[in-house]
Amino acid sequence: MALSWGLRWCLREETLCWVLFRVVFLIIVAVAASFRANAFTGTYGINYGRIADNIPSPDKVVELLRADKIKNVRIFDFDHSVLEAFSGTGLELVVGLPNGYLSNMSSSPANALDWVKQNIVAFLPATRIVGIAVGNEVLGGSDQELWGDLYGAVANIYNATKQLNIDGIVQISTSHSSAVFNNSYPPSSGTFSSDLMQYMKPLLKFFSQFGSPFCLNAYPFLAYMSDPDNIDINYALFQKTSGIYDNVTGLHYDNMLDAQIDAAYAALEDAGFGKMEVIITETGWASHGDQDEAAATLENARAYNYNLRKRLALRKGTPLRPKILLRVYVFALFNEDNKTGATSERNFGLFEPNGSIAYNIGFKGLQSSASAKGHGADGWVRRYSSSWLACTLALFLLFRP
C-alpha cells in the first residue's frame, strides 16, 4: 500500500521525484567511487563525428543508434545539444575534450573542475557519460607545445572527477595515432618513439594507477595505402590470406589490425606497462577517394567493416593477448562533408545523411516513415523515463519493509 501510494504521489510530483533521483544517484556515485570506471560495454562502438552540414539532428542520430543496437558512442567535443539528446537513452557516451582546450586545462585545476561541472556533472545521471577523452592524437602530432600540456590536462581532469566523486563511473583516457611508435613490424618489435618517451611514460604511469587503457587509432587502410606493393590487401581487409609470422614470438597473424594491436602491446611491455589493456578508439576504411587512393572503394569499405564485425563477434583477443577481449570504436557514423584534406577523409561513414545504410554490413538504418511517426512519442518517453525510473527506485528505498 505504501509503495502504491508513493507511486501515485510520484506521478503528481515529478520535480520532487527528480530530487529524490539525484539523492539516490549521489548514493550510487559514492559507492561507485570505490571501483574503477569502465567506459566500454561489449566489443563494438562507433565514432559520431559532426564536421558536416547535412547529417541528421542528434535526436535522429539517437534513433539510428538505438535501431541498430549500437550502445558505445564517442564524440569529439562536448556539444550540449548532443548531450541532451542522449539523455534517458541508455547509450554510453565518451565525451571529447578537443586539443584546443588542453593548455587551458593543464594550466589550471580550477578550469578543469569548472569544465567537468558544466559539461559532465550537469548531464549526469540522465545522460550516461562513461568517459572523457582528453585530446586526440596529441603525442607525435604537429603541435609540439601540446605534447607537454597533455599530462597536466589529463591529471587535472581526472582530479576534478575524483573531487566530484564521479571517478568511479567516468573513465579518463587519450587516444594515440601510429605516430607514437618507433617500430611496429613485426608486432614483437613494437616500441615507442624515443622522442616521445619523456611524455609517454609519465602518462602511462598515471593511467595505470586507475586502470585506464591505452587507446589507439589504428587504420590498416592507411598502412596499406602507404605501401601497397608490399602489403596484401586481403591481409588488411580480414580476408583469406597467408598472413604473417612473427619469428620472435612464433605467432601467426591473419589480419593487420591484430598485428597493429599486438605491436602496441609489445611497446607497452617494453615501456614497463605490460598489463595495460589496448582499446581501438578509431578504425575504418574509406569508401571513396582521390585518384591516388585506389583502395578507397565501396567494395573495400564494406569488406573491412563487415569482416571487422565478424571478427569482434568472436569475442576473442589477439594472438599475443588472447584472453583480453578486443574492443573497437569504428570510424565513423557518417561521411563528414566539411572535413578538409584528401577525399577519403570525407568518406568513412557507415550511414548516409538520411540515416539509411551506406552499404550493407548487417545494420538496418532508419526507416524514415516509421521513425517520423514515432519520433514525438519516443522523445516524450526518453524525456520522462529517467524520472519514472527514479521515482520507483527512490520510493522503493524509502518504503521497503
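Numbers given for residues are sequential positions, taken from 1 along each chain in its written order. This being a predicted model, a pLDDT of at least 70 is required before a residue's local features are given, and a value of 80 or more before pairs of side-chain atoms are given or counted; all residues contribute to the totals for chains, interfaces and linings. Excluded from the side-chain calculation are hydrogens and water; included are all heavy atoms of the structure.

*Asks:* Which parts of the structure should I look at to understand the environment of Gly 42?
*Replies:* Looking at the element boundaries, Gly 42 is found in the loop between helix H2 (14-32) and strand S1 (44-47). Put simply, Gly 42 and Asn 72 are 30 residues apart on the chain and 8.4 Å apart in space, counted from C-alpha to C-alpha. Only heavy atoms enter the contact rule, under which two residues are in contact if any of them lie within 4.5 Å. Beyond its immediate stretch of four places on either side in the chain, Gly 42 contacts Arg 315, Leu 325 and Arg 327. What counts as a helix is a DSSP run of H or I of at least four residues, what counts as a strand is a run of E of at least two, and both are numbered from the N terminus.

*Asks:* Looking at this structure, how should I read unusual backbone geometry?
*Replies:* Leaving glycine aside, a negative phi is the common case for residues, and trans is the common case for peptide bonds. Following Leu 124, the chain continues to Pro 125 via a peptide bond in cis, the omega torsion being 0°. Looking at the element boundaries, Pro 125 is found in the loop between helix H6 (109-119) and strand S4 (128-136). Residue Ala 332 is reached from Phe 331 by a cis peptide bond, and omega for that bond is 10°.

*Asks:* I would appreciate a short explanation of the packing of H6 against helix H7 (residues 145-163) in the present structure.
*Replies:* Helix-helix packing is characterised by the crossing angle of the two axes and by the distance between the axes. To get an axis, a line is fitted to the C-alpha atoms, and for a helix only the part in contact is used. The angle between two axes follows their N-to-C directions and goes from 0 to 180 degrees. Direction vectors running N to C along H6 and H7 enclose 60°, while the axes themselves pass 8 Å from each other. Considering their axes alone, H6 and H7 lie oblique with respect to each other. For the pair H6 and H7, the crossing hand works out as right-handed. Contact with H6, carried on its side by Pro 109, Ala 112, Leu 113, Trp 115 and Val 116, involves Asn 156, Ile 157, Ala 160, Thr 161 and Gln 163 of H7 and no other residues of that element. In the contact of H6 with H7, the residues fall into seven nonpolar, three polar and no charged. Note that the term roughly parallel is reserved for angles under 35 degrees, roughly antiparallel for angles over 145, roughly perpendicular for angles of 65 to 115, and oblique for everything else. Crossings are classed by handedness, with left-handed meaning an anticlockwise turn of the near helix from the far one by less than a right angle and right-handed meaning a clockwise turn. All residues other than Ala, Val, Leu, Ile, Met, Phe, Trp, Tyr, Cys, Pro, Asp, Glu, Lys and Arg, Gly among them, are scored as polar; the first ten of these are nonpolar and the last four charged.

*Asks:* When you look at the pairing of S1 in this model, what are you seeing that I'm missing?
*Replies:* Across a regular strand the side chains alternate sides, sitting on one face of the sheet and then on the other. The cut-offs for exposure are 20% and 50% of the maximum accessible area for each residue type, with area from a 1.4 Å probe on protein chains only; residues under the lower value are buried, those over the upper are exposed, and the others partly exposed. Judged by which residues are buried, S1 turns out to be covered on both faces: Tyr 44 and Ile 46 on one side and Gly 45 and Asn 47 on the other are all buried. Only strands joined by at least two bridges in the DSSP assignment are considered to pair. Relative to strand S2 (residues 72-74), S1 is paired through three bridges, and the arrangement is parallel. Across the sheet, Gly 45 pairs through a bridge with Asn 72, a residue of S2. Whether a crossover is right-handed comes down to one check: with the strands pointing away from the viewer, does the path from the first strand over the helix to the second run clockwise; if it does, it is right-handed. In this fold, S1 hands off to helix H3 (residues 58-67), which returns the chain to S2; that crossover is right-handed.

*Asks:* Can you walk me through the packing of H7 against helix H8 (residues 197-209) in this structure?
*Replies:* In the contact formed by H7 and H8, the axes pass within 9 Å of each other and the chain directions differ by 15°. In terms of their interaxial angle, H7 and H8 are classed as roughly parallel. Handedness of the crossing formed by H7 with H8: left-handed. Listed contacts from H8 to Trp 147, Gly 148, Leu 150, Tyr 151, Val 154, Ala 155 and Tyr 158 of H7 are Tyr 199, Pro 202, Leu 203, Phe 206 and Phe 207. Per-class residue counts for the contact of H7 with H8 are eleven nonpolar, one polar and no charged.

*Asks:* Sorry, what's going on with the pattern of salt bridges here?
*Replies:* Opposite charge on two side chains permits them to pair, given that their charged atoms come into close proximity. We define a salt bridge as a side-chain nitrogen of Lys or Arg found within 4 Å of a carboxyl oxygen belonging to Asp or Glu. Inspection of the entire model under this criterion finds ten salt bridges. Among the ionic pairs, Asp 258 bridges to Arg 311, the shortest N-O distance being 3.1 Å. Of this pair, Asp 258 sits in helix H11 (residues 256-271) while Arg 311 is found in helix H12 (residues 298-313), placing the two residues 53 residues apart along the sequence. We note that Asp 258, like Arg 311, is buried. Where Glu 345 meets Lys 339, a salt bridge forms, and the shortest distance between an N and an O atom there is 3.7 Å. The partly exposed category is assigned to Glu 345, whose relative accessible area is 34%.

*Asks:* Please clarify how the packing of aromatic side chains should be interpreted in this entry.
*Replies:* The geometry of an aromatic ring pair is captured by the separation of the ring centres together with the interplanar angle, meaning the angle of the planes. Aromatic contacts are taken between Phe, Tyr and Trp rings whose centres are within 6.5 Å, Trp giving its six-membered ring; a plane angle under 30 degrees counts as stacked, one over 60 as edge-to-face, and the others as tilted. In this structure the tally under the stated criterion is 23 aromatic pairs. Measuring from ring centre to ring centre gives 4.0 Å for Tyr 158 and Phe 210, while their planes differ by 5°; the resulting arrangement is stacked. With Tyr 158 in helix H7 and Phe 210 in the loop between H8 and strand S8 (214-217), this residue pair connects regions lying 52 residues apart in the sequence. In this structure Tyr 158 comes out as buried when scored by relative accessible area, which is 11%. What links up through ring pairs into an aromatic cluster is the set Phe 76, Tyr 219, Phe 221, Phe 238, Trp 285, Tyr 304, Phe 331 and Phe 348. To sit over a ring, a charge needs its Lys NZ or Arg CZ within 6 Å of the ring centre and within 35 degrees of the ring normal. Arg 302 extends its terminal NZ or CZ atom over the ring of Tyr 306, reaching a point 4.9 Å from the ring centre. Above the ring of Tyr 44, the side-chain terminus of Arg 309 is found at 5.6 Å from the ring centroid.

*Asks:* Any chance you could explain H6 here in plain terms?
*Replies:* Residues that lie three or four places apart on an α-helix share one face, since the helix turns once every 3.6 residues. Turning to H6, its buried residues number three or more, namely Ala 112, Leu 113, Trp 115, Val 116 and Asn 119. In an axial view of H6, the angular spread of the buried residues amounts to 165°, which keeps them on one side of the axis. Throughout, the arc means the angular range of directions from the helix axis out to the C-beta atoms.

*Asks:* Would you mind going over the confidence of the model for the chain with me for this structure?
*Replies:* Should pLDDT be low for a region, the predicted coordinates there are not to be read in detail. Averaged over all residues, the pLDDT of the chain equals 88, while 82% of them reach at least 70. Scored below 50 in pLDDT, residues 1-21 makes 30 contacts in the model with residues more than four places away or belonging to other chains. Confidence drops under pLDDT 50 across residues 23-35; counting only partners more than four residues distant or on other chains, this segment forms 14 contacts. Values of pLDDT, which run from 0 to 100, indicate the predictor's confidence residue by residue.

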